[in-house]
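The chain contents come next:
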Amino acid sequence: MSYRKRRLKIGIVGCGAIGGGIARYISKELKKDCQLTGLYDIQYGRVEKLRRELSAGPIGRNSLTALLKSCDLMIEAVNANSTREIVREAFLHKRNVIAMSVGKLLDAQDLFDLARRRGCRLLIPSGAIAGIDAIKSASIARIRKINLTTRKPLNGFANNPYLTRKGIDLAAIKKETVLFKGNVDSAIKFFPQNINVAATIAIASQAKDKITVCIMTSPKYKNNSHEIEIVGDFGRIVTRTDNVVSPENPRTSYLAILSGMQTLKQFCQGTGIGT
Ligand SMILES: NC(=O)c1ccc[n+]([C@@H]2O[C@H](COP(=O)([O-])OP(=O)(O)OC[C@H]3O[C@@H](n4cnc5c(N)ncnc54)[C@H](O)[C@@H]3O)[C@@H](O)[C@H]2O)c1
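Residues numbered from 1 in each chain as written. Predicted model: local features only at pLDDT ≥ 70, side-chain atom pairs only at ≥ 80, totals over all residues. Heavy atoms only, no water.

*Asks:* Looking at this model, I keep getting lost on helix α4 (residues 83-92). Mind explaining?
*Replies:* Because each turn of an α-helix spans 3.6 residues, side chains separated by three or four positions in sequence point in the same direction. Along α4, the residues classified as buried are Thr83, Ile86, Val87, Ala90 and Phe91. Down the axis of α4, the buried set is contained in an arc of 135 degrees. They therefore lie on one face. Of the residues flanking the end of α4, it is Lys94, one or two places downstream, whose phi is positive at about 60 degrees. (Buried < 20%, exposed > 50% of the residue type's maximum accessible area, 1.4 Å probe, protein only. Helix = DSSP H or I, 4+ residues; strand = E, 2+ residues; numbered from the N terminus. Arc of directions from axis to C-beta.)

Here it is as structure tokens:
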């Protein structure tokens, strides 16, 4: 039995691969614990398509404010530059938030403080990587170094302006090649499509300056993989995920969608497994 007296009302901003996946999960698996009360996307056609697929009532909202009025918890799953403003607006309305666009929340202490002042919870799923639970534990003591190695197929880097500037021709790459090695801030600047993973590690570890990011490609790679090595007072951890990509958005790993679903499930059911 749920620990709540009534079902939690959920609003989703962004009806793409992640938002759509979580909406389907709510309507199939979480009906006892929560109900979908709002969908919002700047492409309104996506809202209607998803609403019809779910055979839902009039839950399409035509503004962020209307969405926030309809829910207790907002799930942010947009690919926008305005993520911070969207999350801030949710806290100003005293709504809890599950945020998927973690890359936009790096160095966002002001938002974390606002959530606390407004009595709201901000939940950041582990996303496409393993080991966030252990990194959080390790951060209580000293972390000496974190290495993140991201491997993606060549087409994961198509039209990347940084590679063009560097004169790197993806078509000419015939073997495993390091495209970038450096700190989190530079990785975010030059490879914005990889920022979520690096940002989640940085926020969880509170040790951004100890992180080295290495980005590799090869004609032989078929999936996105993320390998993390953490060394600290606790010892050493190595994790690796080899991720199947979402059929709806090849830049998004299926595990990231599942991670959002699990975070919502735990919040609704009042459990918290893992650190
Ligand atoms: N945490 C992780 O590990 C992880 C992994 C993959 C993706 N992500 C992030 O999650 C977010 C969503 O990913 P996705 O694969 O579902 O993207 P997607 O492109 O499939 O869908 C995003 C949707 O957001 C909508 N949108 C854009 N700007 C908006 C705005 N201002 N207001 C409302 N809707 C808006 C778009 O129209 C689109 O329908 C992205 O920021 C992505 O980088 C996080």
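*Asks:* Just checking my understanding: could you explain the UniProt feature "active site" (unreviewed entry) in the protein for this structure?
*Replies:* Here the UniProt feature "active site" (unreviewed entry) sits at His226. Looking at the element boundaries, His226 is found in strand β9 (residues 224-232). Relative accessible area serves as the criterion here: at 5%, His226 is assigned to the buried category. Engagement of the side chain of His226 in a polar contact is seen with the side chain of Thr150, the distance being 3.0 Å. (UniProt positions renumbered as here; feature names shortened; annotations may be inferred. Polar contact = N/O pair within 3.5 Å; in protein donor to acceptor, adjacent residues only side chain to side chain.)

*Asks:* Can you walk me through the nonpolar core in this structure?
*Replies:* In terms of nonpolar packing, the biggest core is built from 57 residues, with Met74, Phe191, Ile201 and Val213 touching the most fellow members. When residues of this core are assigned to domains, at least three fall in each of domain 1 (8-127 + 254-269) and domain 2 (132-243). If sequence neighbours within four positions are ignored, Ile201 has contacts with Ile129, Ile132, Ile135, Ile146, Leu148, Ile211 and Ile228. (Core = buried A, V, L, I, M, F, W, Y, C linked by side-chain atoms within 4.5 Å. Domains from an automatic or database assignment. Contact = heavy atoms within 4.5 Å.)

*Asks:* It is not clear to me how the domain arrangement of the protein should be interpreted in this structure. Could you clarify?
*Replies:* The figure often quoted for interface size is the accessible area lost as the parts come together. Here the domain parsing of the protein yields domain 1 (8-127 + 254-269) and domain 2 (132-243). The distance between the C-alpha centroids of domain 1 and domain 2 comes to 26 Å. With 12 residues of domain 1 at the interface, the matching set in domain 2 holds 13 residues. Among the residues of domain 1 in contact with domain 2, Val102, Gly103 and Leu106 are the three that bury the most area, contributing 50% of the side total. Applying the counting criterion to the domain 1 and domain 2 interface returns 1 salt bridge. Residues Lys208 and Asp107 are paired through a salt bridge, measuring 3.1 Å at the closest nitrogen-oxygen approach. (Buried area = accessible area lost by both parts, 1.4 Å probe. Salt bridge = Lys/Arg side-chain N within 4 Å of Asp/Glu carboxyl O.)

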